[in-house]
Amino acid sequence: MPKEGPFRMSITHRLFVTCLGLGLLSLVVVGVEVRTTAASAGSRPASLLASFDIPAMADKGRSAPRSLWHRSLKESPQTEKTIGEVRKNIQVLKDFPDSQLIPMMNLMSASLGVKCDFCHTVNAGHLDPAADDKPEKKTAREMITMTLNINKTTFNGRNEVSCFSCHGGHTHPLTVPALPLPEAAPRPGPGARPGPGGPGGPTGPAAPQITVDDVLNKYVAAVGGQAAIDKLKTRVMKGTYTTGANTLNVEIDQSAPDKVRVIFVSPQGTMERGFNGSGGWEKNQRGVQDLGGAQLADLKSGFMIFHDLKLKEQFTRMNVRKEKLDGKDVNVITGAALSGKRERLYFDAETGLLLRRVASTQTPIGVIPEQIDYEDYRDVDGVKIPFTIRTAGLDNFSTGTRKFNEVKINVPVDDASFNKPAPPPAAPAKP
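Quantities reported herein were computed from a predicted structural model and do not represent experimental measurements. Sequence order as written defines residue numbering, which begins from 1 separately in each chain. Confidence filtering applies because this is a predicted model: local features only for residues at pLDDT of at least 70, side-chain atom pairs given and counted only at 80 or more, and all residues used for totals across whole chains, interfaces and linings. The basis for the side-chain values is all heavy atoms of the structure; hydrogens and waters are excluded.

A look at the nonpolar core
Thinking step 1. The biggest cluster of nonpolar side chains holds 47 residues, and the ones touching the most others in it are Ile252, Val260, Val262, Leu299, Ile333 and Phe347.
Thinking step 2. In what follows, residue pairs with any heavy atoms lying within 4.5 Å of each other are defined as contacts. In contact with Leu299, not counting residues within four places along its chain, are Val260, Val262, Arg273, Gly274, Phe275, Leu291 and Met304.
Thinking step 3. Throughout this description, the term nonpolar core refers to a set of buried Ala, Val, Leu, Ile, Met, Phe, Trp, Tyr and Cys residues connected via side-chain atoms within 4.5 Å. For every residue, the accessible area obtained with a 1.4 Å probe (protein chains only) is divided by the maximum for its type, and the residue is called buried under 20%, exposed over 50%, and partly exposed between those limits. Listed in part, the 14 residues of the second largest apolar core include Leu101, Met105, Leu112 and Val114.

Details of the packing of aromatic side chains
Thinking step 1. For Phe, Tyr and Trp, where Trp contributes only its six-membered ring, two rings pair if their centres lie within 6.5 Å, and the inter-plane angle classes them as stacked under 30 degrees, edge-to-face over 60, or tilted in between. On inspection of all chains with the given rule, the structure shows 2 aromatic pairs.
Thinking step 2. Taking the centre distance of 5.4 Å and the plane angle of 65 degrees together, the rings of Tyr219 and Phe347 count as edge-to-face. Of the two residues, Tyr219 sits in helix H8 (residues 212-223) while Phe347 sits in strand E11 (residues 342-348), which places them 128 residues apart along the sequence.
Thinking step 3. The class for Phe347 is buried, based on a relative accessible area of 1%.
Thinking step 4. On the basis of an interplanar angle of 70 degrees and a centroid distance of 5.8 Å, the ring pair of Tyr241 and Phe264 is categorised as edge-to-face. Numbering of helices and strands runs from the N terminus; a helix is a DSSP stretch of H or I covering at least four residues, while a strand is a stretch of E covering at least two.

Details of the environment of Val260
Thinking step 1. Tracing the sequence through the fold places Val260 in strand E5 (residues 259-266).
Thinking step 2. Residue Val260 is classed as buried on the basis of its relative accessible area of 0%.
Thinking step 3. Sequence-wise, Val260 and Gly277 are 17 residues apart; in three dimensions their C-alpha atoms are separated by 8.4 Å.
Thinking step 4. If near-sequence neighbours (up to four positions away) are discounted, Val260 is found in contact with Ile252, Asp253, Gln254, Arg273, Gly274, Phe275, Leu299, Phe303, Met304 and Phe418.

Points about unusual backbone geometry
Thinking step 1. In this structure, the amide linkage connecting Ala256 to the following residue, Pro257, adopts the cis form with an omega of 5 degrees.
Thinking step 2. Even without a glycine there, the phi angle at Asp326 is positive, about 55 degrees.
Thinking step 3. Following the sequence through the fold, Asp326 ends up in the loop between strand E9 (315-325) and strand E10 (328-337).

Regarding the environment of Arg273
Thinking step 1. Within the secondary structure, Arg273 is located in strand E6 (residues 269-275).
Thinking step 2. Overall, Arg273 belongs to the buried group, its relative accessible area being 2%.
Thinking step 3. A C-alpha to C-alpha distance of 6.5 Å links Arg273 and Lys283, two positions 10 residues apart in sequence.
Thinking step 4. N or O atoms within 3.5 Å of each other form a polar contact, as long as, within protein, one can give a hydrogen and the other can take it, and as long as residues adjacent in sequence are counted only when both atoms are side-chain atoms. In terms of polar contacts, Arg273 uses its side chain to reach the side chain of Glu282, at 2.5 Å.

Quick word on the pattern of salt bridges
Thinking step 1. By definition here, a salt bridge exists when the distance from a side-chain nitrogen of Lys or Arg to a carboxyl oxygen of Asp or Glu is within 4 Å. As enumerated under the stated definition, the model contains 19 salt bridges in all.
Thinking step 2. Across the pair Glu370 and Lys341 runs a salt bridge, and its minimum N-O distance is 2.8 Å. Residue Glu370 is found in strand E13 (residues 366-380), and its partner Lys341 is found in the loop between E10 and E11; the two are separated by 29 residues along the sequence.
Thinking step 3. As a salt-bridge pair, Arg390 and Glu375 come within 2.8 Å of each other at their nearest N and O atoms. Taken together, the residues span a long stretch of sequence, with Arg390 in strand E14 (residues 383-392) and Glu375 in strand E13 at a distance of 15 residues.
Thinking step 4. Bridged by salt links that share partners, the residues Asp253, Arg261 and Glu272 form one connected network.

Quick notes on helix H6 (residues 135-153)
Thinking step 1. The span one expects for a helix is its residue count, reduced by one, times 1.5 Å. With 19 residues, H6 should reach 27 Å at 1.5 Å per residue; the first-to-last C-alpha distance of 27 Å fits that figure.
Thinking step 2. Among all positions in H6, only Lys137, Ala140, Arg141, Met143, Ile144, Met146, Thr147, Ile150 and Asn151 are buried.

Topic: the pairing of E11
Thinking step 1. Taking burial as the measure, the 7 residues of E11 include 5 buried ones, the bulk of the element.
Thinking step 2. Pairing between strands requires that DSSP locate at least two bridges from one strand to the other. Pairing of E10 with E11, which is carried by 7 bridges, proceeds in the antiparallel orientation. Counted as the bridge partner of Ala336 is Arg342 from E11.
Thinking step 3. The turn linking E10 back onto E11 is made up of 4 residues, and Gly340 within it adopts a positive phi angle of 100 degrees.
Thinking step 4. Where E11 and strand E12 (residues 354-363) come together, 6 bridges link them in antiparallel fashion. If you follow Leu345 over to E12, its bridge partner there is Arg357.
Thinking step 5. From the end of E11 to the start of E12, which pair antiparallel, there are 5 residues, and Gly352 there has a positive phi angle of about 85 degrees.

Comments concerning the pairing of strand E3 (residues 234-243)
Thinking step 1. Within E3, 7 of the 10 residues are buried, leaving the element largely enclosed by the surrounding structure.
Thinking step 2. In this structure, E3 lies alongside strand E4 (residues 246-255), joined through 10 bridges in antiparallel fashion. Within the sheet, the bridge partner assigned to Met237 lies in E4 and is Ile252.
Thinking step 3. Of the pairings in the sheet, the one linking E3 to strand E15 (residues 400-409) comprises 8 bridges and is antiparallel in character. In the sheet register, Val236 faces E15, and the bridge partner there is Lys408.

Describing the confidence of the model for the protein
Close reading of the predicted structure is inappropriate where its pLDDT is low.
Thinking step 1. Model confidence for the protein is summarised by a mean pLDDT of 78, while 75% of its residues fall at 70 or above.
Thinking step 2. A residue's pLDDT is simply how confident the predictor is in it, with values from 0 to 100. For the stretch residues 1-48, pLDDT sits under 50, and the model shows 148 contacts to residues farther than four places along the chain or on other chains.
Thinking step 3. Below a pLDDT of 50 lies the segment residues 53-66, which in the model reaches 37 contacts outside its immediate sequence neighbourhood of four places, other chains included.

Encoded structure:
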């Protein structure tokens, strides 16, 4: 046996053990940490729709710009509390930013294909996140610790291993290859390089190089031009949001540069979330609460008026390459966003319009992916706006479709509507 054989076997063994632990740990932590979040004072559900009491839903180099909107894209890590400062009974992940807790719980849940009660005790029909009755909860903590250590010691701190690495959506790691095995792609011959005939085919003239500015300038022109974007002060959008079997009415009010209010109406009631430029809030059947952490970050990044119009200012580094998307030629810009995420932006090579955004967030236990697809662009007073937006995430609540039937720009919007509502009057005491 070659000398490197035992070394490779030891690495494989370690990866297997790590992944196994991660999977079980994920299950435990998902249930414990998510429900712990809901149980903590002032904490809110991970998604907008989770705020409804609906059973089906209860189970989601450039220098940095200086405008108010651009600054709102980036939260200062110095002002954010840690998970341990906000949540209860968090032992392993307590030193990481609180905004990462829910995304990490969603990653673990999706990686193992389980729900919170896999690791957490259910008492009187409700999860008891503080209870340590189930052995799976202890195992989950051990698996998280193992994952953190593997990435630190074996991969020099890079997040190469996560729960999904071994589990792939199953409670137990997949250790045996599925048959029949896929055929390996043929390797090109020595010295071959891609050309018009494919790998190893005859080489032709090099395609003209395209730059990031070329793609972004074409996009700005496609949506109506820079002057039309700069004139955009308010936007009101009405339509529906469908997630799973549930369809809700939705209204989005936006005001430049960074104010937004989102209203969801279902048969169970109305839920609102808003940001007035300095603070976020939520109002639902349970009252009015401050909004922070991952929920506020999602609101600010996904619903701001310029989120999909002023793109260049959102990134510090960008590059471009050509790809295919659903059979279409696309120009793909990759960049490091001010929010701390890595993003890929897919632009139709012919029309110049934005078709897709894929964002990835680095966390201590793995990468959290998010995807937004834009369809049905229509002209609204000189600005092209997508009337269908599809979102996909690791939790059911963040996966759905927004379809708008009415969009108006530069219409009057009451600035006070973005402020946190006053709490409802207390019910009179019973005699």
